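Analysis of the macromolecular model
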Amino acid sequence: MNGLPRRLKTLPKPLLHCAGALALILGGLAQPASAQGEHYKVFLDLSYSGNVWQTAAANGVKALAGTPPYDKTVEFKTVISGTDVQHQISDLQSMIAAGANAILFYPVSGTGLNRVIEQGCKHNVLMFAYDSTVTAPCAYNVSSLSGRYGANSAQWMVNEMGGKGEMVINHGVAGTALTDLMDRQALGVFKRYPGIKIVGDFYGNWNDATSQENVAKVIAAHPNIDAIWTVDGTYGSLQAVQQHRPDRLVVIAGQSNNGYRLDIGDAALQAKGLKGLSASFGPADGPYAFKVMMEVLTGQLKLTAHNVEYPLPWVPYNEVKLCTGLAFENGCNVFPESKVPALFIDTALNGDLLPELNLTAVQNGTAMSGATIKPLPAVTYADDLPGVNCTDCKPPADWLEPNRVKPIPVPN
Amino acid sequence: MSLATRLRPARGAAIAVLIYLVMYLVYAISEASATSVFAITNLLDNTIVLAIAAAGLTLVVLTGEFDLSGIGVIAIANVVVATTSVGILGWFGALVAVVLIGAAVGLINGWLVVGLGLQSLAVTIGTMIACEGVALVILAAPGGEVSDTVANGLTGDIADVVPVAAVIIVGVLMLWFVFARTRLGIAIYAVGSDENAAGLSGLNVRRTKLLTFVLAGAAYGCAGYLLSAQTGSGDPRASNTFLLFMYAAVAIGGTSLAGGRGGVFGSVVGAGILTVMQKMLFALGAASFYTSVFSGIIMLVALFVGNLSVLRLRRRRRGGAEWQSATPRP
Amino acid sequence: MAKRDAPTLSESKPARLRAHAARANPELLPVAVVLACAALLIIATKILNPGSSLTQQLSAVLVTSIFLVVASFGQGLTILLGGIDLSIGVVAGLSAMMISVLTNGQNASLPWAVPATLAFCAAIGMINGLGIALAKVPPFIMTLASGITFFGVGLGFTSGLAQRPVAPALQALMSGHWLGVPIPIYLIAGFVVIAAIFQNGTAEGRQLYAIGSGPRAASVLGLPISGLTILAYALSGLCAGVSGLLLAGYSSAATLDIGDPLLLPTIAAVVIGGARVVGGKGIYLGTFAGAIFLSALETVITVLSLSQGLRNIIEGVIIVGALLLQSERWGALRRWSN
């Protein structure tokens, strides 16, 4: 000890402890022996985290990764990159360097990740984006964006309103391709009917509490609003109306929170004027993307295009059906109040495409007992939307128009 | 304190370099390809935006002021490059534009703080929010196109061996070395150490502070330009996480938030630490949600270690009871 | 040092009261101005929409401002000391999550769930205070790092858990009425009284001012700086916790990011209300006025249907404008009072 140079003697203790701890950690870093036969290294990379939607999607994917046969053949890891694009770039690069075979990710930017995605493709990594899309040509997008939620939900609302009334717009997070596209579609439809007046709009940022506060303020300023259009934050928006104007409810479109679906299916509330549509983007597109990705990885499926469509959920108030069990069967689409919390998003489940997922799976991330992965039916390909899921491409001529709902004529 | 002593990389910066090396070592051991040119280029590309932004911020912090507007300027710079670098302005014109825009915002900040006497923390929150708005007005959703000269040029390698980012960082450090010895550089330290004394001894405190805001703004503009190269596109949203990391880089690098102590060298290393820390945590296999926990703890440990050595240094120098507690600064 | 020294005990009581009033008055001016601006905004909304009711609007602005009113008090205390608390959003979110997990839709566990949640939040604040007071970590970094860390902890605990409903009593508190007035308005009134008394009426409050405006002098005077620092940050954590509880009751469900929109507005409210961010100045009523003003501003902006970009620009300009008004007022007052 005496022979050490003075500087080393005064090295801060914490650093020495750090080095010691690191040595211990490094000791435990031995790689697990790879399984015999097929072995795939798959990563799930989240950007946003900590809200109901993201948690449900991530749990669904985790549950599937733990379902036979994937529990034996897939080495699965979840990474949370956070909302800074450079962090996600760095993490994706780490995953590629760690030898990933496939990466399923929720992109924080539709264009900013393109360079790292190209790097991944060059290293033969399958790059799959879910729900939110990227414009990189070699990436695969699995999303309901091409289902035209904005146009269809807006047209449905106009039909229910008879083409006139006071409307409030609840925008999502500003500056995202999703919000931009949905807003353009919805506002395009509303503008065609001069009887529809937009008396207020705010940015609910897909947050129920923020939406509730803002609707409370709007309703105080405009006591006669007839309708609220949302992409998310729907439950909060409706709660504000129920608190301040319980005897006269609204026409509303938005997410698929269980509490919201129960409300719109409630006959007593319908009698007070509640006409609701539950159709927004569902977390199940994450697990669905996982299944598609794995089928491509294992060679079971060959995709001829890069944009896969996950069917847009669509449950208007007259089609709400209560479930008796723990899964969506027999066409039921909402759980009783006692089974799940009000904010639980029903579209985390999909009885047809994801029979391997039940309530416990999406709430805890554990595989459904006794389930095995079932092959998927044929995939539907999504429309090309330049700037959204592709770069040098042409959209269909009517990409801003509703294609599920027939427009009513403009009233005089 | 003699000039030479003050301008040597502070003890805090030395500790920062040590921390960086330890983290890089852990990362390199666990990740086989970490020492390849490709991986090093990627790492430096990831570091450089934070490094330049933190470097600019350091100048303001050295005078004892705050500047939260960095991410707003970066957002504006990013969308400007994405909308003009291919068309009207070209890669060089876009660079000039973002530097001027950044300097202009810095000028506004500086004038409000120095000329009108407003508190810098509050003022720069205001300008940050306003800048975010301007970015959204210029580009409503992610998109635009960054010219290939910028995107490939700045993220690539010279002769396939030397990352361009490394050249830029070395350039910045050399610039700082020269700048710290100019009259303005010395004035910045003097103002930060003791504003009253600096003023009484004839330094133009107001002009010094104003210039730091302008230079910081120009640096943010450059950082935004580099971000455009990294992402190849424009995104109008400002990242709050990035703002917090800017400050963490400055603090971990040994610059005191109270002013008068530290330097750009430390902040650049601090930026490196935060970037390699993410790589290290991934390589160590930290469970997804625990990366946040570790990030926070590591930041505090790094700061604590840095502070510890500085406190010991002070106590040794004073040789007596340390009754002069540091001015509480946010 | 302040021009008006604290009156000594040997002076007569009337002299002390006069000195006290003289000190308080300049601080009330920003309060009055900001409240007047808020009132103008509310009236403007009424003018833009003749069909709306002024009392309804006032009620909506007040009720939705409660989260900000409570959380800004804690933020104001730390700013008074010359610090800042950047963990408020995360703590509010954790508090909301905790109360919903602990109560799980029943009222039965409320008596112990509420104190437990608030104790947890205050503990986070105390950790912040300890780091700042004892380890001399700059408050900006300490609270930022602890926010990031505890967010990760919260994420770890809740990633497997489903959202649980909040106790009905809490929901009833936020949505109920008494004598025709929404209960949250009574809560605001009560809170404002308590907070104002603490910040400007108690010895601890005055000591916080002393530390903020002259830390070296305070240290020489022997004030328990560390203890008060820890107290201030603990209170900030506590207030963020209370905001989280109220948010959970208001939206009847909790998510981890429920408190995120709170952080910047708390700083803005404190600043707009006349507090100096370097510390040592500003009364709670000013912060309260700032919170009300921000809530009213949001209403007007919503009604004007502006794009997010324009909203941000307006918000930024208003913050800077508020600061400009403060500074000129101080200058003018100093001239008058001489």
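With respect to the overall build of chain B
The helix and strand inventory of chain B stands at 14 helices and 2 strands. The 330 residues of chain B split such that 62% are buried. For chain B, the share of sequence-separated contacts (at least 6 apart) that also reach a separation of at least 24 residues comes to 81%.

A short note on the overall build of chain C
Helix and strand counts for chain C come out as 13 helices and 2 strands. Counting only residues that meet the buried cut, chain C has 57% of its 338 residues in that class. The contacts in chain C between residues at least 6 apart in sequence include a share of 78% that link residues at least 24 apart.

Focus: the packing of helix α3 (residues 37–62) of chain B against helix α11 (residues 205–231) of chain B
Residue and element names in this part refer to chain B. It is at 7 Å that the axes of α3 and α11 come closest, and there the two elements cross at 170 degrees. Comparing their axes, α11 and α3 come out roughly antiparallel. Between α3, through Asp45, Ile48, Val49, Ile52, Ala53, Ala55, Gly56, Leu57, Leu59 and Val60, and α11, the contact on the second element is made entirely by Thr212, Phe213, Leu215, Ala216, Ala219, Tyr220, Cys222, Ala223, Leu226, Leu227 and Gln230. Per-class residue counts for the contact of α3 with α11 are 17 nonpolar, 3 polar and 1 charged.

Side note on the interface of chain C and chain A
Counting from both sides, the interface comprises 36 residues of chain C and, opposite them, 36 residues of chain A. Taken together, the elements giving at least two residues each to the side of chain C that touches chain A come down to α2 (54–80), α10 (225–251) and α12 (284–304) of chain C. In terms of residue count, α2 of chain C provides more of the side of chain C that touches chain A than any other element does, 7 residues in total.

Considering the interface of chain B and chain C
Taken together, the contact between chain B and chain C spans 45 residues of the former and 49 residues of the latter. Among the secondary structure elements, those contributing two or more residues to the side of chain B that touches chain C are α6 (120–138), α12 (240–252) and α14 (290–318) of chain B. Partitioning the side of chain B that touches chain C into residue classes produces 30 nonpolar, 13 polar and 2 charged.

A look at the environment of Ala186 of chain A
Residue and element names in this part refer to chain A. Summarising the element assignment, Ala186 is placed in helix α8 (residues 177–191). Here Ala186 falls in the buried class, since 28 other C-beta atoms lie within 10 Å of it. Sequence separation of Ala186 and Gly150 is 36 residues, and the distance between their C-alpha atoms is 4.6 Å. Residue contacts for Ala186: discarding those within four places in its chain leaves Gly150, Ala151, Ser153, Ala154 and Trp229.

Points about the sheet that holds strand β9 (residues 251–254) of chain A
Residue and element names in this part refer to chain A. Reading across the sheet, the 6 strands line up as β7-β6-β8-β9-β10-β12 and stay open at both edges, with mixed pairing between neighbours. Each edge of the sheet is formed by a strand with only one pairing partner; in this case those strands are β7 (196–203) and β12 (315–316). With respect to the sheet, helix α7 (residues 149–161) is in contact with β6 (165–171), β7, β8 (227–230), β9, β10 (275–278) and β12, its orientation differing from that of β9 by roughly 165 degrees. Against the sheet, helix α10 (residues 234–244) engages β6, β8 and β9, with an angle of about 160 degrees to β9.

Things to note about the confidence of the model for chain B
When pLDDT is averaged along chain B, the result is 84, and 88% of the positions lie at 70 or above. Contacts from residues 319–329 of chain B, a stretch scored under 50 in pLDDT, to residues over four places away or in other chains number 20 contacts.

As for the packing of helix α11 (residues 263–272) of chain C against α12 of chain C
The angle between the axes and the distance between the axes are what describe a pair of packed helices. All names here are of chain C. The geometry of α11 relative to α12 is characterised by a closest axis approach of 7 Å and an angle of 120 degrees between their N-to-C directions. As summarised for this structure, α11 and α12 are arranged oblique, according to the angle between their axes. Between α11 and α12 the crossing geometry is right-handed. Residues Pro265, Ala268, Ala269, Val270 and Ile272 of α11 pack against Thr287, Gly290, Ala291, Phe293 and Leu294 of α12. Across the contact of α11 with α12, the residue classes tally to 8 nonpolar, 2 polar and no charged.

Thoughts on the sheet that holds strand β5 (residues 140–143) of chain A
Residues and elements named next belong to chain A. Ordered by their spatial adjacency, 7 strands build an open sheet running β2-β1-β3-β4-β5-β11-β13, and the pairing between neighbours is mixed. Because the sheet does not close on itself, it has two edges, and the strands there are β2 (74–80) and β13 (380–381). Two strands pair when backbone bridges link them, and strand β1 (residues 40–46) and strand β3 (residues 102–105) are joined in this way by 4 bridges, in the parallel orientation. Paired with Val42 across the strands is Ala102, a residue of β3. Its contacts with the sheet place helix α5 (residues 85–97) against β1, β2 and β3, and it is angled at close to 175 degrees to β1. Each of β1, β3, β4 (126–130), β5 and β11 (307–309) is contacted by helix α13 (residues 285–297), which is oriented at about 160 degrees to β4, the strand it contacts most.

Side note on the pairing of β8 of chain A
Each regular strand shows side chains that alternate between the opposite faces of the sheet. All names here are of chain A. In β8, alternate side chains face the same way, and those of Ala227 and Trp229 on one face and Ile228 and Thr230 on the other are all buried. Pairing analysis gives 4 bridges linking β6 to β8, with the strands arranged parallel. Within β8, the position partnered with Met167 by the bridge is Ala227. For β8 and β9, the ladder comprises 3 bridges, and the chain directions are parallel. Looking at the pairing, Ala227 lines up with Val251 of β9. In this fold, the crossover linking β8 to β9 by way of α10 has right-handed handedness.

Quick notes on helix α8 (residues 203–213) of chain C
Residues and elements named next belong to chain C. If you check which residues of α8 are buried, you get Gly205, Leu208, Tyr209, Ile211 and Gly212. Relative to the axis of α8, the buried residues are bounded by an arc of 165 degrees and lie together on one face. Residues of α8 that are buried in the fold lie against α2, α7 (183–201), α9 (215–221) and α10.

Parameters at a glance
- Every residue gets a number counted from 1 within its own chain, in the order that chain's sequence is written.
- To read the labels, note that chains go from A and ligands from 1, taken in the order they are written.
- Selection of residues for local features in this predicted model requires a pLDDT of at least 70, selection of side-chain atom pairs for listing and counting requires 80 or more, and totals for whole chains, interfaces and linings are taken over all residues.
- Runs of E in the DSSP output that reach at least two residues are strands. Runs of H or I that reach at least four are helices, and both are numbered from the N terminus.
- With C-beta atoms placed from the backbone, a residue is labelled by how many other C-beta atoms lie within 10 Å of its own: buried for 20 or more, exposed for 12 or fewer, partly exposed between the two.
- Each residue is represented by a C-beta atom placed from its backbone, and any two residues with such atoms within 7 Å are regarded as in contact.
- All axes here are fitted lines through C-alpha atoms, helices being fitted over the stretch that makes contact, and every angle between N-to-C directions spans 0 to 180 degrees.
- An angle below 35 degrees is treated as roughly parallel, one above 145 as roughly antiparallel, one from 65 to 115 as roughly perpendicular, and anything else as oblique.
- In this count, Pro and Cys sit with the nonpolar residues alongside Ala, Val, Leu, Ile, Met, Phe, Trp and Tyr, while Asp, Glu, Lys and Arg are called charged and the others, Gly among them, polar.
- Two strands pair under a simple rule: DSSP has to find at least two bridges between them.
- pLDDT: the predictor's confidence for each residue, scored from 0 to 100.
- When the near helix sits turned anticlockwise from the far one by under a right angle, the crossing is termed left-handed; a clockwise turn instead gives a right-handed crossing.
- Crossovers are marked right-handed if the path from the first strand over the helix to the second runs clockwise, as seen with the strands pointing away from the viewer.
- By arc we mean the arc of the directions from the helix axis to the C-beta atoms, nothing more.

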